Amino acid sequence: MKILVLNAGSSTQKNYLYELEKGPLNEMSPPLWSGKIDWSRQEGMAEIEVKSGNQKLAETRPSESREKAIASLLETLWQGKTQAIADPSEIDVVGHRIVHGGEKYREATLITPEVKSAIAHLAKLAPAHNSANLQGIEAVEKILPNVPQIAVFDTAFHADLPLETVVYPLPYEWYQQGIRRYGFHGISYQYATQRTADLLGKPLESLRMIVCHLGNGCSLAAIKNGKSVETTMGFTPLEGLMMGTRSGSIDPGILIHQMRSQQFTVDELDSILNRESGLKGVSGVSSDMRDIHTAIEEGNERAKLAFDMYVHRLRLQIGAMLPILGGLDVLVFTGGVGENQSSVRSGACEGFEFLKLHLDPHKNQNSPTDADIATIESQVRVFVIQAQEDWAIARECWHSLTKNQSYTQSSF
Ligand SMILES: Nc1ncnc2c1ncn2[C@@H]1O[C@H](COP(=O)(O)OP(=O)(O)O)[C@@H](O)[C@H]1O
Ligand SMILES: CC(=O)OP(=O)(O)O
Ligand SMILES: [Mg+2]
């Protein structure tokens, strides 16, 4: 079965083609083809990178609409030096990461006009994500009109969060209107928790885990019996940790004050909190941890402050999860920052020695992939797991199509 996966991020579009013959294993099988567009590195420009076998294509082009960019990227799958298939008709199914599934979507779902309008409706709550997800679905509809498309939701992993976590201390009627905590990055959490348990050789259900997903968007989740019991993102992907360009949690009184005294409009505040805050807003340098690191080495004090705040807030939230879990067996770091920035990991672990959590500095420094970086004596294991949201989506597609053959046939 050939499965195309589209993962639309706020400023990136990552696409992969996987081939699964005997069904998915827990360990990732490398994709036949991958194509990435990154709009975050240069203003008005799109950096494109396509890989297939040992062929590689890299170029920078002026930005165009996401739909057009996806269409031309997908052509490299069946044309030119990165060609991986003879014809688009070889693709059996397309899986999409959909960030916000609201209350209704608790598992992978075949995309129908009704599902599309629900995704569009939820774009109000995750504007940087759901509308990009929808553009991906529509781009594929034009190129592969007869191929089933499956939505895999980031919110689904948190579907059973307890009520005291879900409800905000606001008028109860607001909760009844749908203003509640949902949690995100669930596809990443599901993969990282199972992968860690497999590497440890222990049942997932026996482990108390905290997983820190640190990419452009950052959140962490407490996982007990294999289920999410608390997480830092809430109604939207803006709550919680400090991120690349998002503020994370702040005093809501600041917004009221700024609206009143500085007359900011709602759209201006939305843009400031989502795109001009976090590492970028504080440092004035960049949202990218690599640039922050370089600026710190050059003596930039605001970059240092941004880094220190990022780590401080991360530690606070790790600490907040401890009583929820009643202790900790494994701490996991994943996502672009979690996988690559050893100083974030060591900073986050500082102060948790009282748990007998001890990082091995040498192992940590080498930024390993899918490895334990705690000392042998440490009573808490610490893992770095490469985020594999796309592989997890491919697995979900395979399960959806094979668990119910009539569903598969009727939808072709
Ligand atoms: N080698 C690296 N060292 C430090 N940080 C990195 C490195 N590579 C990527 N990052 C960080 O990871 C972020 C992207 O993470 P990623 O998980 O790919 O994001 P997303 O999936 O949300 O687009 C970058 O913005 C950067 O801050
Ligand atoms: C939900 C979310 O924040 O996603 P990302 O990290 O891809 O921006
Ligand atoms: Mg991501």
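These numbers were taken from a predicted model, which means no experiment stands behind them.

Moving on to helix H8 (residues 266-275). Turning to H8, its buried residues are Leu269, Leu273 and Asn274. For H8, the angular spread of buried residues about the axis comes to 115 degrees, placing them on one side. Its buried side turned inward, H8 meets helix H7 (252-261).

Now for the UniProt feature "binding site: substrate" (unreviewed entry) in the chain. Taking the numbering used here, the UniProt-annotated feature "binding site: substrate" (unreviewed entry) corresponds to Arg97. Checked against the element boundaries, Arg97 lands in strand E6 (residues 93-98). Given a relative accessible area of 7%, Arg97 falls into the buried group. Apart from the residues lying within four places of it in its own chain, the contact partners of Arg97 are Leu6, Asn7, Ala8, Asn133, Val152, Asp154, His185, Ile187, Glu389 and Ile393.

Here we come to the UniProt feature "active site" (unreviewed entry) in the chain. Following the UniProt record, the feature "active site" (unreviewed entry) maps to Asp154 here. Checked against the element boundaries, Asp154 lands in the loop between strand E8 (149-153) and helix H4 (163-166). Residue classification places Asp154 among the buried positions, given a relative accessible area of 0%. A polar side-chain atom of Asp154 sits 2.7 Å from a polar atom in the side chain of Arg97.

As a volume, the second largest pocket reaches approximately 1000 Å³. What lines the second largest pocket is a set of 31 residues, among which Phe235, Thr236, Leu238, Leu255 and Leu273 lie closest to the centre. Listed by contribution, the elements that provide at least two residues to the lining of the second largest pocket are helix H3 (127-143), H7 and H8. The element that contributes the greatest number of residues to the lining of the second largest pocket is H8, accounting for five residues. Class assignment of the residues belonging to the lining of the second largest pocket gives a composition of 20 nonpolar, seven polar and four charged. Two domains each put at least three residues into the lining of the second largest pocket: domain 1 (2-153) and domain 2 (201-389).

Definitions and cut-offs
Residues numbered from 1 in each chain as written. Chains lettered and ligands numbered in written order. Predicted model: local features only at pLDDT ≥ 70, side-chain atom pairs only at ≥ 80, totals over all residues. Heavy atoms only, no water. Buried < 20%, exposed > 50% of the residue type's maximum accessible area, 1.4 Å probe, protein only. Helix = DSSP H or I, 4+ residues; strand = E, 2+ residues; numbered from the N terminus. Arc of directions from axis to C-beta. Contact = heavy atoms within 4.5 Å. UniProt positions renumbered as here; feature names shortened; annotations may be inferred. Polar contact = N/O pair within 3.5 Å; in protein donor to acceptor, adjacent residues only side chain to side chain. 1 Å grid on protein atoms, 1.4 Å probe; cavity = no way out; pocket = protein on both sides within 12 Å on 5 of 7 lines; lining within 4 Å. Points joined across faces, edges and corners; volume = space filled by probe spheres on them. Nonpolar A, V, L, I, M, F, W, Y, C, P; charged D, E, K, R; others polar. Domains from an automatic or database assignment.

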